[in-house]
Amino acid sequence: SNYYRVGIGASANFEIYNTNYGRTDLLITQSTGDATFAGDVFINRTGILGSAKLSIQADAGEDVFGVQCNSLNTTTKLINVFNSAGVDIASITINNDSTPDMLFNVDNGAGAITEVLKLDSSQNATFAGTIGIGTAATTNAIEIDGTDGTSYVYLKSDVATTGARVGLNGDDLIIENKQASGDTIFDTNSIERMRIDSSGSFGLGIVPKASGTAWVN
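So what's going on with the overall build of the protein? Residues and values would help.
Broken down by element type, the protein carries 0 helices and 20 strands. Considering only intrachain contacts with a sequence separation of at least 6, the fraction spanning at least 24 residues in the protein is 4%. Surface accessibility of the protein: about 15,400 Å² in total, with carbon and sulfur atoms responsible for 53%.

So what's going on with the sheet that holds strand β7 (residues 77–82)? Residues and values would help.
Strand order across the open sheet formed by 5 strands is β7-β8-β9-β10-β11, with antiparallel pairing between neighbours. Bordering the open sheet on either side are β7 and β11 (125–127), each of which pairs with just one other strand. Put simply, the sheet's adjacent strands are angled 25° from each other on average, direction ignored. Across 3 bridges, the pairing between strand β10 (residues 113–119) and β11 is antiparallel. Note on β11: the bridge partner recorded for L117 is F127.

Report on the packing of aromatic side chains, specifying residues and quantitative values.
For the structure on display, the rule yields 0 aromatic pairs. The ring of Y152 has R165 sitting right over it, with the charged end atom 4.0 Å from the ring centre. Positioned over the ring face of W215 is K209, at 6.0 Å from the centre of the ring.

Kindly report on the sheet that holds strand β14 (residues 152–155), identifying the contributing residues and their values.
The 3 strands lie next to each other as β14-β15-β16, forming an open sheet whose pairing is antiparallel. Each end of this open sheet is capped by a strand with a single partner; those strands are β14 and β16 (172–177). Taken over all neighbouring pairs, the strand axes of this sheet differ in orientation by 10° on average, direction set aside. Across 4 bridges, β14 lies against strand β15 (residues 164–169) in antiparallel orientation. Following the sheet pairing, Y152 is matched in β15 by G167.

Describe unusual backbone geometry, with residues and values.
The backbone phi angle of Q123 is positive, close to 70°, even though this residue is not glycine. Considering the arrangement of structural elements, one finds Q123 in the loop between β10 and β11. Of note in this structure, S190 is not a glycine but carries a positive phi near 65°.

Go over the pairing of strand β8 (residues 88–94), please, and point to the residues and values.
One ladder, built from 5 bridges, connects β7 with β8; its direction is antiparallel. Bridge pairing in β8 links I79 to I92. A loop of 5 residues connects β7 with β8, the two strands running antiparallel in sequence, and G86 in this loop sits at a positive phi of about 80°. Bridge analysis of β8 against strand β9 (residues 102–107) gives 5 bridges, and the strand direction is antiparallel. Bridging from a neighbouring strand, A90 pairs with V106 of β9.

Describe the side chain of S201, naming the residues involved and giving the relevant values.
Of note, S201 is situated in the loop between β18 (191–196) and β19 (202–204). A relative accessible area of 0% means that S201 is categorised as buried. Within the structure, the side chain of S201 is placed 3.3 Å from the side chain of S199, a separation counted as a polar contact. A distance of 3.3 Å separates a polar side-chain atom of S201 from the backbone nitrogen of T213. Those residues in contact with S201, other than ones at most four positions away along the chain, are R195, I196, P208, A210, S211, G212 and T213.

Cut-offs applied
- Residues numbered from 1 in each chain as written.
- Predicted model: local features only at pLDDT ≥ 70, side-chain atom pairs only at ≥ 80, totals over all residues.
- Heavy atoms only, no water.
- Helix = DSSP H or I, 4+ residues; strand = E, 2+ residues; numbered from the N terminus.
- Contact = heavy atoms within 4.5 Å.
- Areas by Shrake-Rupley, 256 points an atom, 1.4 Å probe, with all protein chains shown as cover.
- Pairing = 2+ DSSP bridges.
- Axes fitted to C-alpha atoms, helices over the stretch in contact; angles between N-to-C directions.
- Phe/Tyr/Trp six-rings, centres within 6.5 Å; stacked < 30°, edge-to-face > 60°.
- Lys NZ or Arg CZ within 6 Å of the ring centre and 35° of its normal.
- Buried < 20%, exposed > 50% of the residue type's maximum accessible area, 1.4 Å probe, protein only.
- Polar contact = N/O pair within 3.5 Å; in protein donor to acceptor, adjacent residues only side chain to side chain.

Structure representation (C-alpha cells):
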C-alpha cells in the first residue's frame, strides 16, 4: 500500500511525501514562497495531455492563464525559455500598460533581449529581421520557396474576392489578375503608365480603346 504524509522537512519546508519504498517528496513549499512538484501537474483534468508537464483544461469563455505585470518595462518576461544548461534563450514580454504590445524575443543569457516579433494593440505584426516561407530566411526581406507552381503571393479584398497572384511557374514569372473584369495596371509616381485590360488589350501611356488591340501614346 502507498502511504502519504504531511510534515515539516529540512529548512522548515512544508512537505507532502510518499513513504512507500522509502520517502519520495510529492510537493515541497518553501518559506521563500517557492513550490516544487515532483511529477506532472494537471488542472481541471483527470490526466496529462501527451507528455506535457502542465496540463490545463478550460471551458468555453474561461481563461487558461492570467498574468499581471507590475513593472512597466520590457524586462518583465511573461514566458522565459531555457536551454539544457539553464540559460535563457527566448522570452515573451509586454511593453507596458498604456501600449500593451506583445514582444517575442531572443535572449543572450546575460540579460540582453533582442526583439524578433512585435504584435501591437492595433493587430499589426512587425518582424525585426527577414522572413523565410518554406526556406530559411536570407538577406531578402521576404523569401518564398515551394514546389513548382505553388510559390505565389495571393491578394484579394472584400471587393476583389477572386483576387490576383504573383509568382513563378517553371522559369516564368506570372502576374495574374483573376478577376473576370479586372485590368492589370502599372503605375509610377501614382501615374498610370501601362494597362492590360480584361479583354487582353494593351495600352502604353493610354487606356486601350478597343478589344484585342494595342494602343501607344
